[in-house]
Amino acid sequence: MSDKRPYIGRFAPSPTGPLHLGSLYTALASFLDAKAQLGLWLLRIDDLDTPRNAAGSVDSILKTLDTLGLHWDSSVYFQSDDLDVYHDVLATLQHDKRIYPCICSRKTVTANLTQNASIDAVYPNTCRNNLFPCYAPHALRIKTDDRVICFDDRLQGLISHHLATQHGDFILKRKDHIIAYQFAVVIDDDRQGVNHVVRGMDLLDSTPKQIYIQQILGLSTPAYLHVPVITDDQGFKLSKQTGAQSVALKTPAHVIFKLLNLLKQHPPIALQHTSSAELINWAIAHWNPAALKNVDAITLQSECPHLP
């Protein structure tokens, strides 16, 4: 059955530093996909992982998007404004015996997975029979069952995972009391009415977990489109961890032109010296995500060797 609701997409960066080219590549893809379908493009700041948040990052993110002409609809949504919502849902899951307290340390889990590297490396359910209340420091894990999660990614095709054997019981709330990404993103997307998610291939394997949570909670599942990641000349994904640099904003049109080439949209050379607004209008009218089909990763310099 087709979804007749208006398109609502989003971009959800973490405020851990300035946006780099890899982040903006994903932002532009999600922006173009929304606008090409006359949809809304929302901006959410994923700021729950407070130890990683960097001062000034939110202002930097907003300025970068605005300067490049990637204007979001509605007000900016901050995860940290709605902590009670996550805890209310966790309380419901606890009442329904869907989650349990896990006292395993990361070191213990890692050691177990290392010892069992030859078999499916999933959490061995050590704490699955633990009961509440639990007074020892603990994470909250959701119980997986025998179901197979299938979804049809708009770019990657049919994806099928047997959750219990491929992922196992996974964490919804960390031992340091921080809500886990897999859980938060489901609640956030539902609260914002997001029905289309465009993001990087590095999150493809997380999607079955999120769909499982959606099914357990009776929530709608968005349409997904996972774009290939950008890698450096060593084959590493562009990220803050690998030293990806922030983007210079003195020539926003140059940045947009480069990003469109990375997205394999190949704007006419005649537009190389036009404004970012004109480039974006062209890209919305000509948006073709199918150009990225069967591509796992895009090497920065090989795709755009003439663009520094």
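Refer to the structure above for everything that follows.
On a predicted model such as this, the values are computed, not experimentally measured, just so you know.

Caption draft 1: Molecular detail of the sheet that holds strand β3 (residues 77-78). Across the sheet, three strands lie side by side as β1-β2-β3; this open sheet has parallel pairing. On the outer flanks of this sheet lie β1 (8-11) and β3, each paired with one strand and no other. Bridge count for β1 against strand β2 (residues 40-45) is four bridges, and the pairing is parallel. In the sheet register, Phe-11 faces β2, and the bridge partner there is Leu-43. Lying on the sheet, helix α2 (residues 57-68) is in contact with β1, β2 and β3; it crosses β2 at an angle near 160°.

Caption draft 2: Inspection of the pattern of salt bridges at higher detail. This structure, assessed with the given rule, holds 11 salt bridges. For the salt bridge of Asp-188 with Arg-44, the shortest nitrogen-to-oxygen distance reads 3.6 Å. Here Asp-188 is found in helix α6 (residues 181-192), whereas its partner Arg-44 is found in strand β2, with 144 residues between them in sequence. Exposure remark for Arg-44: the relative accessible area of 0% places this residue in the buried category. Taking the shortest distance from any N to any O, the salt bridge between Arg-147 and Asp-145 comes out at 2.8 Å. For Arg-147, a relative accessible area of 26% gives the class partly exposed. What makes Asp-145 partly exposed here is its relative accessible area of 26%. Here the salt bridges share partners, and the residues they tie into one network are Arg-10, Arg-44, Asp-46, Asp-188 and Asp-189.

Caption draft 3: A look at the environment of Gln-166. Mapped onto the secondary structure, Gln-166 falls in helix α5 (residues 163-166). For Gln-166 and Tyr-123, which are 43 residues apart along the polypeptide, the C-alpha to C-alpha distance reads 9.8 Å. Sequence-distant contacts of Gln-166, defined by excluding residues within four places in its chain, comprise Val-122, Ser-160 and His-161. Separated by 2.6 Å, the side chain of Gln-166 and the backbone nitrogen of His-162 make a polar contact.

Caption draft 4: Inspection of α6 at higher detail. For α6, which comprises 12 residues, the first-to-last C-alpha distance of 16 Å matches the rise-based estimate of 16 Å (1.5 Å per residue) to within 8%. Counted residue by residue, α6 has nine buried out of 12 residues, so it is predominantly covered. Within the sequence span of α6, burial applies to Gln-182, Phe-183, Ala-184, Val-185, Val-186, Ile-187, Asp-188, Asp-189 and Gln-192. Phi for Gly-193, located one or two positions after α6, is positive at around 75°.

Caption draft 5: Spotlight on unusual backbone geometry. The step from Phe-132 to Pro-133 runs through a cis peptide bond, and the omega angle for that step is -5°. One can find Pro-133 in the loop between α4 (106-115) and β5 (139-142). In the Ramachandran plot, Leu-38 falls in the positive-phi region, its phi being about 55° despite a non-glycine side chain. Along the chain, the position of Leu-38 falls in the loop between α1 (21-36) and β2.

Caption draft 6: Expanded view of the packing of α1 against helix α8 (residues 252-262). Contact geometry for α1 and α8: axes closest at 10 Å, N-to-C directions at 80°. Relative to α8, α1 is oriented roughly perpendicular. Residues Leu-21, Leu-24, Tyr-25, Leu-28 and Leu-32 of α1 pack against Ile-256, Lys-258, Leu-259, Leu-260 and Leu-262 of α8. Looking at the contact of α1 with α8 residue by residue, the class counts come to nine nonpolar, no polar and one charged.

Caption draft 7: Molecular detail of the sheet that holds strand β4 (residues 99-102). On the basis of which strands lie adjacent, the open sheet formed by three strands has the order β4-β5-β8 and antiparallel pairing. Whereas interior strands pair on both sides, the edge strands pair on one side only; in this sheet they are β4 and β8 (170-173). Ignoring which end each strand starts from, the neighbouring axes of this sheet average 45° apart. Contacts between helix α3 (residues 83-95) and the sheet are confined to β4, β5 and β8, with β8 contributing the most and set at about 130° to the helix.

Caption draft 8: Fine view of the packing of aromatic side chains. Enumeration over the complete set of coordinates arrives at four aromatic pairs. The interplanar angle of 10° and the centroid separation of 6.1 Å between the aromatic rings of Phe-11 and Trp-41 together place this pair among those described as stacked. With Phe-11 in strand β1 and Trp-41 in strand β2, this pair connects stretches of sequence that are 30 residues apart. Just as Phe-11 is buried, Trp-41 falls in that class too.

Caption draft 9: Spotlight on the pairing of β1. On β1, burial covers both faces: Ile-8 and Arg-10 on one face and Gly-9 and Phe-11 on the other are all buried. Taking the sense of rotation as the criterion, the β-α-β connection linking β1, α1 and β2 turns out right-handed.

Caption draft 10: Looking closely at the packing of α6 against helix α7 (residues 207-217). The geometry of α6 relative to α7 is characterised by a closest axis approach of 9 Å and an angle of 55° between their N-to-C directions. Accordingly, the angle class assigned to the pair α6 and α7 is oblique. The two elements α6 and α7 cross, and the hand of that crossing is right-handed. Judged by residue contacts, Tyr-181, Gln-182, Phe-183, Val-185, Val-186 and Ile-187 of α6 engage Lys-209, Gln-210, Ile-213, Gln-214 and Leu-217 from α7.

Rules used in this analysis
Residues numbered from 1 in each chain as written. Predicted model: local features only at pLDDT ≥ 70, side-chain atom pairs only at ≥ 80, totals over all residues. Heavy atoms only, no water. Pairing = 2+ DSSP bridges. Helix = DSSP H or I, 4+ residues; strand = E, 2+ residues; numbered from the N terminus. Contact = heavy atoms within 4.5 Å. Axes fitted to C-alpha atoms, helices over the stretch in contact; angles between N-to-C directions. Salt bridge = Lys/Arg side-chain N within 4 Å of Asp/Glu carboxyl O. Buried < 20%, exposed > 50% of the residue type's maximum accessible area, 1.4 Å probe, protein only. Polar contact = N/O pair within 3.5 Å; in protein donor to acceptor, adjacent residues only side chain to side chain. Expected span 1.5 Å × (residues − 1). Parallel < 35°, antiparallel > 145°, perpendicular 65-115°, else oblique. Nonpolar A, V, L, I, M, F, W, Y, C, P; charged D, E, K, R; others polar. Phe/Tyr/Trp six-rings, centres within 6.5 Å; stacked < 30°, edge-to-face > 60°. Right-handed = clockwise from strand over helix to strand, strands pointing away. Left-handed = near helix turned anticlockwise from the far one by under 90°.

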